[in-house]
Amino acid sequence: LKVLEVDWQMKKINPKKLIVIKAGSSLTTLSSGLPNLKFIKSISEQIFRLYKKGFHIVLVSSGAIAQGMKIWNLTSKPKSVDYLQALSASGQIGLINNYQKEFKRFNLIAAQVLLSHSDFGVKNRSENAKNSISNLIKLGAIPIVNENDSISTEEILNGDNDRLSGKVATLLNSKKLFILTDQNGLYDKNPDQNSDARLITKINLNNFDFKKVSFGKSGILGRGGMTTKIKAAKDFLNKTNEFWILNGNQEGIVEKAILKKPFGTKIYLA
Ligand code: GLU
């Protein structure tokens, strides 16, 4: 067997430009269960523009289970682990294919990385994940991460991609983590039920009184909600990085936050 040596062109990673973007199921999937191709197109275009500006982007995307539900013609999310595993295994293919199709228009390479929360608790497994994701970035690919739901049992019920994105961003020493959702950010009360709900634009984790905020439940498709986003912020933040909750339906929203325009909720430690 002849082994072909490939001349890998490895880029250098500029640590200041490494960012993690997380897209929730409420964005990647329509309420009909069909993939939200408009969102996938617009986030792919945004990723391309950021990539051209020298950013290294890791995308954490939910939507496997939601897409699996459509394959099996389910209208509500099952509770049983067996079903959820089957849904995520079948739905993940469509999810990643949609990104790959859009990325191809820009000659961007999509690379799938499936991780389980327990990988982060085991040193050599988390190091392997870190090396593998870093190598993909050096090779110019965009890693697209999701939970490895089909091999986990406990986590498929309790895990969520908000916290996974916090763990991935911490592992990679990312400077910024952007959580994209279908709300404009964190409100003091649920904006869907209270017309006087106020958007909180800045939260310093060191002195913010969370008793002032009442969190809504997670959407019907995903597992998160504002509580898991705050937990992810607590896991990730130190004094040198930033965490944002942004509305992924707004065009170019990550680019706007990078330019420090006043959008969404910025969470930091000072
Ligand atoms: N990993 C799950 C999926 O892709 C979703 C987890 C979450 O909503 O946070 O369907």
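Residues numbered from 1 in each chain as written. Predicted model: local features only at pLDDT ≥ 70, side-chain atom pairs only at ≥ 80, totals over all residues. Heavy atoms only, no water.

A separate point is the packing of helix H2 (residues 37-52) against helix H4 (residues 81-104). What describes two packed helices is the angle between their axes and the distance between those same axes. Between H2 and H4, the shortest axis-to-axis distance is 9 Å and the interhelical angle comes to 50°. Put simply, H2 runs oblique to H4. In this structure, the crossing between H2 and H4 has a hand that is right-handed. Every residue of H4 that contacts H2 at Leu37, Phe39, Ile40, Lys41, Ile43, Ser44 and Ile47 is listed here: Asn98, Tyr99, Glu102 and Phe103. Residues of the contact of H2 with H4, tallied by class, amount to seven nonpolar, two polar and two charged. (Axes fitted to C-alpha atoms, helices over the stretch in contact; angles between N-to-C directions. Helix = DSSP H or I, 4+ residues; strand = E, 2+ residues; numbered from the N terminus. Parallel < 35°, antiparallel > 145°, perpendicular 65-115°, else oblique. Left-handed = near helix turned anticlockwise from the far one by under 90°. Contact = heavy atoms within 4.5 Å. Nonpolar A, V, L, I, M, F, W, Y, C, P; charged D, E, K, R; others polar.)

The buried fraction of strand S5 (residues 176-181) is high, at six of six residues. Side-chain alternation along S5 places Lys176, Phe178 and Leu180 on one buried face and Leu177, Ile179 and Thr181 on a second face that is also buried. Strand direction decides the pairing type here: strand S1 (residues 18-23) and S5, joined by five bridges, are parallel. Residue pairing in the sheet places Ile21 in a bridge with Phe178 of S5. (Buried < 20%, exposed > 50% of the residue type's maximum accessible area, 1.4 Å probe, protein only. Pairing = 2+ DSSP bridges.)

Next up on the list: the pairing of strand S4 (residues 141-147). When you tally the buried positions in S4, you get seven out of seven residues, the bulk of the element. Bridge count for strand S3 (residues 109-115) against S4 is seven bridges, and the pairing is parallel. Within S4, the position partnered with Ala111 by the bridge is Pro143. Crossover connection from S3 via helix H5 (residues 123-138) to parallel S4: handedness right-handed. (Right-handed = clockwise from strand over helix to strand, strands pointing away.)

Our next topic: unusual backbone geometry. The residue Asn107 is not glycine, and still its phi comes out positive at about 55°. Phi at Lys260 takes a positive value of approximately 60°, unusual for a residue other than glycine. Topologically, Lys260 is positioned in the loop between helix H9 (253-258) and strand S10 (265-268).

It is worth spelling out the pattern of salt bridges at this point. The tally for this structure, following the rule as stated, stands at 14 salt bridges. Here Asp162 and Lys229 are joined by a salt bridge, their closest N and O atoms 3.0 Å apart. Here Asp162, found in helix H7 (residues 161-171), pairs with Lys229, found in helix H8 (residues 226-236); they are 67 residues apart in sequence, far enough to count as distant. For Lys229, a relative accessible area of 6% puts it in the buried group. Notably, a salt bridge pairs Lys189 with Asp196, separated by 2.9 Å at the nearest N-O pair. (Salt bridge = Lys/Arg side-chain N within 4 Å of Asp/Glu carboxyl O.)

So far we have only geometry, and geometry alone does not tell us how the molecule works.
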